Every structure is written in structure tokens, then in C-alpha cells.
Amino acid sequence: MADAETQREAILAAVENVADRIAEEKSHLTDLDSAIGDADHGANMNRGFQAVVEAVESDDVDEMSPDDLVKLVGKTIISNVGGAAGPLYGGSTMLASKELEGGITAETSVAFAEAYLQKVQDRGKAEIGAKTMVDALVPAVHTYKKSIEQDDLPPLTALSKAVDACERGVRYTVPLRARKGRASYLDWRSVGHQDPGATSTLFILEELLETAEEHLDGEVVRDARSPDVPDESPEEAADEPLDEEGE
Amino acid sequence: MKKLINDPADYVDEMLEGMVAAHPDRLRRLDGTKVLVRADAPVDGKVGVVSGGGSGHEPAHAGYIGDGMLDGAAAGEVFTSPTADQLEEMVRACDAGEGVLCVVKNYEGDVMNFETAGEMAEMEDAEVVQVVVDDDVAVEDSLYTSGRRGVCGTILVHKIAGAKAAAGGDLEEVRTVAEKVVDNVGTMGMALTSCITPEKGEPTFELGEDEIELGIGIHGEPGVERTDVMSADEVADRLTEQVLDDIEIEDGDEVATIVNGMGGTPLSELYIVNRRLQQILDDRGVETWDAWVGDYMTSLDMMGCSVTVLRLDDELKELLGAPADTPALKRTD
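Right, let's walk through the structure included here. Every value quoted in this text rests on a predicted model; they were computed, and no experiment measured them.

Secondary structure assignment for chain B yields 8 helices and 14 strands. Taking 20 Å as the expected radius of gyration for a compact globule of 333 residues, we find that chain B reaches 19 Å, a close match to that expectation. Taken along its principal axes, the extent of the C-alpha atoms in chain B is 55 × 50 × 35 Å. Classification of the 333 residues of chain B by burial places 59% in the buried group. Within chain B, counting contacts between residues at least 6 apart in sequence, those at least 24 apart form 73% of the total. Total accessible area computed for chain B in this model is approximately 12,600 Å², and 44% of it derives from carbon and sulfur atoms. Counting 26 positive and 70 negative side-chain charges, chain B places the averaged centre of each group 3 Å from the other.

As C-alpha cells, this is what we get:
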């Protein structure tokens, strides 16, 4: 895998790409949130990622190890996003960063993704099908892990498949009735709207893929259909009766 | 709307500045944060007890900082959880090496930020445990929570866990007694009017002149039932009976009670509610060991009240009666 210097550059580029993308999509995310939430997701995430850009510019990042840099990103999101999104995006990033202690490899990136997903689920106590970011994250993380560990695909191809699975997860949130978070108050009225947290999660993953393609060598299979998600696939969850309460 | 404020954006900041100015010998603000801690924090050899949440519930939470209660309290924006990094700073400032108990009201934002803060502090080798208070018997799930909301019963957790820590209890003992309070306390509230948040400047829900709302939380969220105006006795009956039934208070039990004002109701009316509350307890053969009446956990300028009942045993009585010296609550031996 790439040396620490290259990894640091990749992380910094990823930060910039994600921040730009969130800024671009700010009103889109807020529109999605105003339909079923409290209309601040775009502004909140934008404030967080702009702060991240400033933090990596002002902090002395040249000497930082990749995991410390990722930890700084998480901590900055925590202190600038607030609400539930701060702990979900920032806390999960920060706490999962210790999986990258040995640098970023195919193995540690799987561990990071799994730890991130675990933290989100612990924090939010949301299962798949509750119309949250979990619906996008679970298929993405499971696909990434399976592609690397079972199918032995190169990380870039695995990431590309994960983004594809994530996108399907986002689409899957549209017909769901929200059972977690602010949107759950709308109950049936949340049906037909795309979840903003799942959507911003997809934007972040798309930018990570974009950045990885620019900074890492390797063959990317474009438009690869994702393999079957090992378990808890959206299709399975969708078979559950919608009126059954979560947990 | 008329309010004694300057810029709504400075509301929390200026309130905290005023609090420290009123109690400079007891309260200290952590630089660059909205966290207040005891002037002498961390207290050597003592488990730290901290709390916090959105602003607008004064005197909760910083009003309960002092001997026998809290070591620190973090203030978020009005009705908004403090961020995890501020909570982490509080935890570390109140950790004398004996560990820290976080008393958290069951609201999603509060729980998530406190959990993250605890894990952040643990990465730096602090020992942190949480107790989540969910005393509101009006709802199972609400606009902001999974499970019941945490409301006025939280103050009793502050008092009793704080007393246990002051008496030299270790972290596990302090956590256990805090959980005991949570298991034995119930609260239900009602509103005569909505509150008005400084940012929005208008009521968060509309109530007609002849309507009241039962089962409200403390963030201006709607309640579970809207009814015609009732007398104080009828309100006290509804609130008290639901609480007593929920926590299964029986003949011969000893309890502590709180008639809590929501911020806009005069003490005289709270006493009228307390009069009826005590009659109901007498009728049921329940003995009131301690009765508090006043504004303990408010919702800005909302008119209304909540009734809290805590079932007591010898340990809880001793800790509830132990001395406390804070800006908002004082007890002597």
C-alpha cells in the first residue's frame, strides 16, 4: 500500500472533495430534510466540513499519522455539527480512526468501515429499514467487506461496488416509513421521501471513491453491479411488515 | 413577544456569564465552552457527577453545581444538546481519577452526544459511566426520543447521586444508587401555554384560551392530550394518579414529591397543586417524607407544572436529606 505521505495526501484530498460536494449539495440535503426532518441537514453538514477544511489547513498535519488525521476530521465534525449528526458522522469517524493505526490497507479499511457502521448503529440504535443512514451504510459496508475478503477484489473495485450498493440503499429509503429520528414523528407521511442522512452518506462515499481513483493505483471496474449483500439485505428487510415497530 | 434579551444569538453565553458573576466563588467556566464546573473541580478523592443538556430549563443544570450535587454542567443552545467535545471537556475537568457519572435526560441528541463524549474521554483513560433518566410517564416514544423522556426526576438523580459521591461512594456505588432513583421515579407535566423560544419569538404550539395540554415534555413539544381548562385540583388528580399508577405506589410507601413550575407559573399556584397532591397521597395511605415546590426543571416561560413522585427507602432518604450547597438548592443537616 501507499506510504504515509501518500496516504496523508489522499486523506487531505478526500476532505477537500467531500467538503466541496457537501457545499454543492447543501440546499439539496436541506430540501430533503425539510420534507421529513427539521431542515438543517445541509447547513449542518456544510458547517462541519468547512470547519474540517479549516482545521486541516491550520493544524500542523504534515507530521500526523493517517489515523490521527482521520481522528482530527471526526473531532472537528463533532464540535461543529452538533445535534444527532455530530455524534453519528463525527463520533463514528473519530472512534473508528483507531482501526487505521497501521496505516490504510485493504484490511484496515474494512475494519474502519465496520467500526464506523457499528458506532453509527450503537449510537443511533437504528436497524435497517428504519429510514436512516443505516439503510445506505449497511449494504455499502457489507459489499465492501465481501468484495475484499471473499471475492478478493482490488480495494478500488470493492469501493466502487460499495458505492453502487450504497446508492441502492438510498433509493430503498424512499418508500419506507421512518421509525427513528425526527422523521419518525411524521410516521406514514414520511413515506415517499428520500432520507437525507442516507443521501449525505452516499455523497461522502462517492467522493471517497473519486479521491481514491486519483490517488491510488489499481484497476476499477466501472458500473459493476454489486454482488449479493451477504445478510440483512434491503430486499429482505423490505419483506418485513411496515407497521411493526423497530427493535 | 417581549423578552429581557439582547441578541438571541448571545442568549446562552450571556446567561452563563451572569451566573458566574453571581457565584464567582463557586462556579468556573471552562475557557471557550458553555460548560460550568465547581470552582474547585476536580475534587480530590471524589467521583465526579456531571449533567447538562439544552438551555431553557434553568435552574437546571448549572444551578445544581456545588457541594453534594453536581461537579459540572454543560449548556447547549436553547433546547439543543451540547456538543460531544464540550461534554468531554467537562468530564475531564471533573475527573479526579475516581471516574465520572454523567446524568443524561433521555433525549436522542443528549444521549448520543454524552455517549460519544464518554468514549472520547475513555480514549484518554478516564472512567465514565452514564445513567439515562426516563421518568416521564406520559409517553412511550416522543418527537425527540426512543422511550420515555427525561424530565424533572433528573434533579432527584443529581441530588442523590451527588450525595453518594460526596459521602465517598465509588463510581459503581454512585451509578447503582442513581439507577435506583431512575427505577423508582415518575413525572407527568401539563401546560397552560406554550413557551416562546428566543430565536423563534413565537409560541412553539398554539393553545386556545380555554384549552390545556396534558403530558408535555420540556422542549415545547406537544403533549399527549389536549383538553378543556380544568381546575387545579382536577389537574393535580390527573397528573398524580397517572404517576402513582405507573410507578405502582402503594399503601404504606414513603415518597418524596416535586411540584415543579415550568417557568411561567407563580409559586402560589404550585402550592395549590401541592395541596391536592398531598391530599391524594394521604387518601392512599402514602407518607410524604419530603415535598419540594418550585421551579426546578423549566421550559423557558411556559405556564404549567409537573408532578414528580419518588418512592424512597432508607438509603434514598439518607442521601436525599444529606447537605447540599448549590445556587439553586440548599440543604443543611
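Looking now at the state of the cysteines. In protein chemistry, a disulfide is the covalent bond that joins the sulfur atoms of two cysteines. Residue and element names in this part refer to chain B. Inspection of every chain in the model, using the stated rule, returns 0 disulfides over all chains. Cys-94 carries a free sulfur, and the closest cysteine sulfur to it, the one in Cys-102, is 9.3 Å from it. Using a relative accessible area of 2% as the deciding quantity, one classes Cys-94 as buried. Judged by its relative accessible area of 1%, Cys-102 falls in the buried class.

With that settled, consider the sheet that holds strand 4 (residues 72–78) of chain B. Residue and element names in this part refer to chain B. Pairing in this open sheet of 6 strands is mixed, and the strands run 1-2-4-3-5-6 from one edge to the other. Either end of the sheet is taken by a strand with one partner, and the two such strands are strand 1 (27–29) and strand 6 (128–133). Put simply, the sheet's adjacent strands are angled 25 degrees from each other on average, direction ignored. Pairing geometry for strand 5 (residues 100–105) and strand 6, over 6 bridges, is parallel. Counterpart to Val-104 in the pairing with strand 6 is Val-132.

Attention now goes to the nonpolar core. Leu-101 and Leu-310 of chain B are the most contacted members of the largest nonpolar core, which totals 61 residues. Within the second largest apolar cluster, 42 residues are counted, among which are Ile-11, Ala-113, Leu-117 and Val-120 of chain A.

Attention shifts here to the interface of chain B and chain A. Where interface size is given, it is often the accessible area lost as the parts come together that is meant. Between chain B and chain A, the residue contacts involve 17 residues of the former and 21 residues of the latter. Summing the contributions of chain B and of chain A, the shared interface buries around 1,700 Å²; its carbon and sulfur component is 60%. Across the chain B-chain A interface, the total number found is 5 salt bridges. Lys-75 of chain A is the partner of Glu-88 of chain B in a salt bridge, and the nearest nitrogen-oxygen pair spans 3.7 Å. There are 6 residue pairs in polar contact (both at pLDDT 80 or more) connecting chain B and chain A. Among the secondary structure elements, those contributing two or more residues to the side of chain B that touches chain A are helix 2 (84–93) and helix 3 (108–123) of chain B. Sort the elements by how many residues they give to the side of chain B that touches chain A and helix 3 of chain B lands first, with 8 residues. The residue inventory of the side of chain B that touches chain A, partitioned by class, reads 7 nonpolar, 4 polar and 6 charged.

If you walk through the whole model with that rule in mind, you get 2 aromatic pairs over all chains. Here Trp-292 of chain B and Tyr-296 of chain B contribute two aromatic rings whose centre-to-centre distance is 5.3 Å and whose plane-to-plane angle is 40 degrees, an arrangement assigned as tilted. Grouping residues by exposure puts Trp-292 of chain B and Tyr-296 of chain B together as buried. The cationic tip of Arg-177 of chain A hangs over the ring face of Trp-188 of chain A; the distance from NZ or CZ to the ring centre is 4.5 Å.

In this section: the pattern of salt bridges. Under the counting rule described, the total for this entry stands at 38 salt bridges over all chains. With a closest N to O distance of 2.6 Å, Asp-246 of chain B and Arg-148 of chain B form a salt bridge. Of this pair, Asp-246 of chain B sits in helix 6 (residues 232–246) while Arg-148 of chain B sits in the loop between strand 6 and helix 4 (153–166), and the two are 98 residues apart along the sequence. Overlapping salt bridges, with partners in common, bring together Lys-119, Arg-123 and Lys-125 of chain A together with Glu-115 and Glu-119 of chain B in one network.

About the thresholds
- Residues numbered from 1 in each chain as written.
- Chains lettered and ligands numbered in written order.
- Predicted model: local features only at pLDDT ≥ 70, side-chain atom pairs only at ≥ 80, totals over all residues.
- Heavy atoms only, no water.
- Helix = DSSP H or I, 4+ residues; strand = E, 2+ residues; numbered from the N terminus.
- Rg over C-alpha atoms; globule rule 2.2 N^0.38 Å.
- Buried < 20%, exposed > 50% of the residue type's maximum accessible area, 1.4 Å probe, protein only.
- Contact = heavy atoms within 4.5 Å.
- Areas by Shrake-Rupley, 256 points an atom, 1.4 Å probe, with all protein chains shown as cover.
- Lys, Arg positive; Asp, Glu negative; His and termini not counted.
- Charge placed at Lys NZ, Arg CZ, Asp CG, Glu CD.
- Disulfide = S-S within 2.5 Å.
- Pairing = 2+ DSSP bridges.
- Axes fitted to C-alpha atoms, helices over the stretch in contact; angles between N-to-C directions.
- Core = buried A, V, L, I, M, F, W, Y, C linked by side-chain atoms within 4.5 Å.
- Buried area = accessible area lost by both parts, 1.4 Å probe.
- Salt bridge = Lys/Arg side-chain N within 4 Å of Asp/Glu carboxyl O.
- Polar contact = N/O pair within 3.5 Å; in protein donor to acceptor, adjacent residues only side chain to side chain.
- Nonpolar A, V, L, I, M, F, W, Y, C, P; charged D, E, K, R; others polar.
- Phe/Tyr/Trp six-rings, centres within 6.5 Å; stacked < 30°, edge-to-face > 60°.
- Lys NZ or Arg CZ within 6 Å of the ring centre and 35° of its normal.

None of the figures reported here should be taken as evidence of function without further support.
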